[in-house]
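# Architecture at a glance
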Amino acid sequence: MKAILAFAPLFARLKGAMLLTLLLSLVTLAAGIGLLGLSGWFLTAAALSTLGSVFNIFAPSAGVRGLSFIRILARYGEKLSGHDMTLRLLSDLRAWLFARLFPLVPLARRFGRGDLVSRLLADVEALDTLFLVALGPISTAVLAGAAMTVVLALLLPGAAVIYAVLFFSAVLLVPVGLVLASRRAGAEVVAAGAALRQAVLDGIDGHQDLVLFGARDAAVASSDTAARRLSAARRRLGRNAALAGAMVQILAGGALVGALLVGFVALEAQQIDGPLLAGLLLAIIASFEASAMLVRSATRLAGAAAAADRLQAIATSAPGIAEPAAALPVPPGGEIRLEAVRFGYDPAHPVIDALSLAIRSGECVAITGPSGAGKSTIAQLLLRLVDPDAGVVRLNGADLRDVAGAELRRRIALMTQDAPVFLDTVRANLRIGRDGADDAALWQVLEAVQLADFVKALPGQLDAIVGEAGRTLSAGQARRICLARTLLSEADVIVFDEPTGGLDFEAESAFLVELPALTRGRTAIVITHAVVPASFDRVLELRAGRIAERAHVPA
Ligand code: ADP
Ligand code: MG
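Residues numbered from 1 in each chain as written. Chains lettered and ligands numbered in written order. Predicted model: local features only at pLDDT ≥ 70, side-chain atom pairs only at ≥ 80, totals over all residues. Heavy atoms only, no water.

### Structural notes on the sheet that holds strand E2 (residues 352-359)
Within a sheet, each strand pairs with its neighbour through backbone hydrogen bonds, oriented either parallel or antiparallel. Under the convention used in this document: Only when DSSP finds a minimum of two bridges between them are two strands counted as paired. Elements are defined by DSSP. Helices are runs of H or I of four residues or more, strands are runs of E of two residues or more, and each kind is numbered from the N terminus. Every residue pair with non-hydrogen atoms within 4.5 Å of one another is taken to be in contact. Axis definition: a line fitted to C-alpha atoms, over the contacting stretch in the case of helices. Angles run 0 to 180 degrees between N-to-C directions.
The antiparallel open sheet is built from 4 strands, whose spatial order is E2-E1-E4-E5. Of all strands in the sheet, those bounded by a partner on one side alone are E2 and strand E5 (398-399). In the packing of helix H13 (residues 375-382) onto the sheet, the strands contacted are strand E1 (336-343), E2 and strand E4 (390-395), and the crossing angle to E1 comes to about 115 degrees.

### Quick look at the side chain of Glu498
To keep things clear, this is the line we draw: Note on classification: 1.4 Å probe, protein chains only; a residue is buried when its accessible area is under 20% of the maximum for its type, exposed when over 50%, partly exposed between these limits. Neither His nor the chain ends contribute to the count of charged residues, in which Lys and Arg are positive and Asp and Glu negative. Take a side-chain nitrogen of Lys or Arg and a carboxyl oxygen of Asp or Glu: if they are within 4 Å of each other, that pair is a salt bridge. Any pair of N or O atoms that falls within 3.5 Å is considered a polar contact. Within protein, one atom must be able to donate a hydrogen and the other to accept it, and sequence-neighbouring residues count only if both atoms are side-chain atoms.
By secondary structure assignment, the location of Glu498 is in the loop between strand E9 (493-497) and helix H19 (505-518). Buried and unpaired, Glu498 has no salt bridge, with Lys375 as the nearest side chain of opposite charge at 4.4 Å. Only 2.6 Å separates the side chain of Glu498 from the side chain of His529, close enough to count as a polar contact. If we ignore the near neighbours within four places in the chain, the residues touching Glu498 are Lys375, Thr416, Gln417, Ile527, Thr528 and His529.

### Digging into the site of ligand 1
Worth spelling out the cut-off: To be near a molecule or strand, a residue needs just one of its heavy atoms within 4 Å of it. Shrake-Rupley sampling with a 1.4 Å probe provides the accessible areas, and residues are treated as covered by the protein chains on show and by no other component. All amino acids are sorted into three groups, where Ala, Val, Leu, Ile, Met, Phe, Trp, Tyr, Cys and Pro are nonpolar, Asp, Glu, Lys and Arg are charged, and the leftover types, Gly among them, are polar.
Taken together, 11 residues lie around ligand 1, and Gly372, Gly374, Lys375, Ser376 and Thr377 are the ones closest in. Taking Gly374, its main chain carries an N or O atom lying 3.0 Å from an oxygen atom of ligand 1. Measuring from an oxygen atom of ligand 1, one finds a backbone N or O atom of Lys375 at 2.8 Å. Computed on the free molecule, ligand 1 has an accessible area of 560 Å², of which 59% lies beneath the protein chains in the complex. With 3 residues, the top contributor of residues to the shell around ligand 1 is H13. Taken together, the residues of the shell around ligand 1 break down into 4 nonpolar, 5 polar and 2 charged.

### Section: the environment of Ser139
As for its position among the elements, Ser139 is in helix H7 (residues 130-155). For Ser139, a relative accessible area of 26% gives the class partly exposed.

### Concerning unusual backbone geometry
For residues other than glycine, phi is negative in most cases, and the peptide bonds are mostly trans. Despite not being glycine, Ala354 shows a phi value in the positive range, around 50 degrees. With respect to the helices and strands, the residue Ala354 is situated in strand E2. The backbone phi angle of Asn396 is positive, close to 50 degrees, even though this residue is not glycine. If you trace the backbone, Asn396 turns up in the loop between E4 and E5.

### Considering the pattern of salt bridges
Pairing between side chains becomes possible if they bear opposite charge and their charged atoms approach one another. Under the counting rule described, the total for this entry stands at 19 salt bridges. Residues Arg384 and Asp387 are paired through a salt bridge, measuring 2.8 Å at the closest nitrogen-oxygen approach. Overall, Arg384 belongs to the buried group, its relative accessible area being 9%. A residue is classified by how much of its surface remains accessible, and Asp387, at 22% relative accessible area, is partly exposed. For the salt bridge of Glu407 with Arg411, the shortest nitrogen-to-oxygen distance reads 3.1 Å. Of this pair, Glu407 and Arg411 both sit in helix H14 (residues 405-411), separated by 4 residues, roughly a single helical turn.

### Side note on the packing of aromatic side chains
Quick note on the threshold: In this scheme Phe, Tyr and Trp rings, the latter by its six-membered ring, pair at centre separations within 6.5 Å, and the angle between planes marks the pair as stacked below 30 degrees, edge-to-face above 60, and tilted otherwise. Counting as a charge over the ring demands two things of the Lys NZ or Arg CZ atom: a distance within 6 Å of the ring centre and an angle within 35 degrees of the ring normal.
With the rule as written, the count across this model stands at 5 aromatic pairs. Here the aromatic rings of Tyr163 and Phe167 are separated by 5.3 Å at their centres, their planes lie at 20 degrees, and the arrangement is stacked. You can see Tyr163 and its partner Phe167 sitting in helix H8 (residues 157-205), 4 residues apart, about one turn around the helix. What makes Tyr163 buried here is its relative accessible area of 1%. Note on Phe343 and Tyr345: the rings are 5.0 Å apart at their centroids and 85 degrees apart in plane angle, and the pair reads as edge-to-face. The partly exposed category is assigned to Tyr345, whose relative accessible area is 43%. Among the aromatic residues, ring-to-ring pairing joins Tyr163, Phe167, Phe168 and Phe288 into one connected group. When the ring centre of Trp443 is taken as origin, the NZ or CZ atom of Lys456, which lies over that ring, is 5.5 Å away.

If you want it as structure tokens, here you go:
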């Protein structure tokens, strides 16, 4: 529950909309109570009055019609403002979450993909409807119950206490009990939902391999287990909710019978007349309408608490990389220096150790070495996705730890073998490299990476949609789109980590041969396992975390 309170500022921003929704739902409920009460009084009075002509039928029936009308309008307005508020809360929550997710690179390593999807969808949804299904109805019920108690205290004092005790048990004790009893099941629903999503995503991603290796049954069994867990937890929640619903009905019945008994005594003593008593009894029934909704709300509240916990876990996890307290400016140029750098994902087992290297501004250098030597780790250090355990990484003399993140990303760009092509237009895919680049710049870079003819032939050209994960492109074209995007950036240093992954030998050679010319004027650090063409300035070979050899490329 405490985690939910942490979201109070997001809710507070929508105070006005919340109050309006609350007011409208109060009006709806009050009109409902008034409607039933008035009708009860009116029908009883009409039946009791032997002389129909004496009884004024017009005022009450106008009242009934008026109240129905108010009720319809208020309910409509309540839905409108409630859902509008929920959607605004949804966008606030998403913005809040994304603002906290971005500094947590690399995300996938810290949270599973299915788990992350779960947090982004289900958990956010559990919270955004919190007001609509829980806080709103509870407040409405409490206010309406208090008003009804006051009315009873004035008109049928003996019944007021009975009503208050039973009504507030129904709208407060039962829901609180339900939330407490459902906490474990609620958390389990959230966790099992995440596990199921993960299992399904894994199954879809790995479908081909799972089938080819005959591992399909195991994958099906694992999603089956998750689905079973989920439905068992849902069943427990459902059972609790049904029990709570029954208790609310019993309490409502008790309040009615209690008021009836007190009412009979008052009627006999002529402290109240029949029609008024009938009206009050029906109003009591109507007021319990507010409590029916609460059982559902309480079930949601149990899930919302777990969801809030999970979202807070993201919000409060420390960014992997700290921004400098006082950022230092970086002199212009693209000179890179590693000085006695040691780093290990587990510091006790360094991946690279005492590594020093210097790359001059404008150089095009290849880094080669066996798999697992630590090449990608160097790229991570250069991009400051990790910090060295010892030693310094410098850009033009500035320690990367003293450089503001935004400045660093402006100065050093990265292209990896799995750089994504997004399901979007060619233009949008390229502009990731440089926000707002004009079409002339886009065509120029497409020309440079030899994609211009291909894009010209696409329907819509720069506006053509290239598929998710670049599925409408060949592997070579997808790599070139990513290359174009990277070149478009104004970075002084471009790091390529296996940029030719997934390309055949010929495409790979062509790609690498062109690279030095394309990056001319900037520093290019190309991590590759391929044969390095003579157009590169230098080749550094990394072995077991050290530069073992400086081979100049034979001319
Ligand atoms: P290369 O790119 O040269 O193939 P890497 O730099 O990716 O090598 O990896 C170097 C070593 O660090 C390997 O032994 C690898 O298992 C380990 N490693 C890489 N990434 C991680 C990680 N995220 N967590 C733990 N160990 C890692
Ligand atoms: Mg690698």
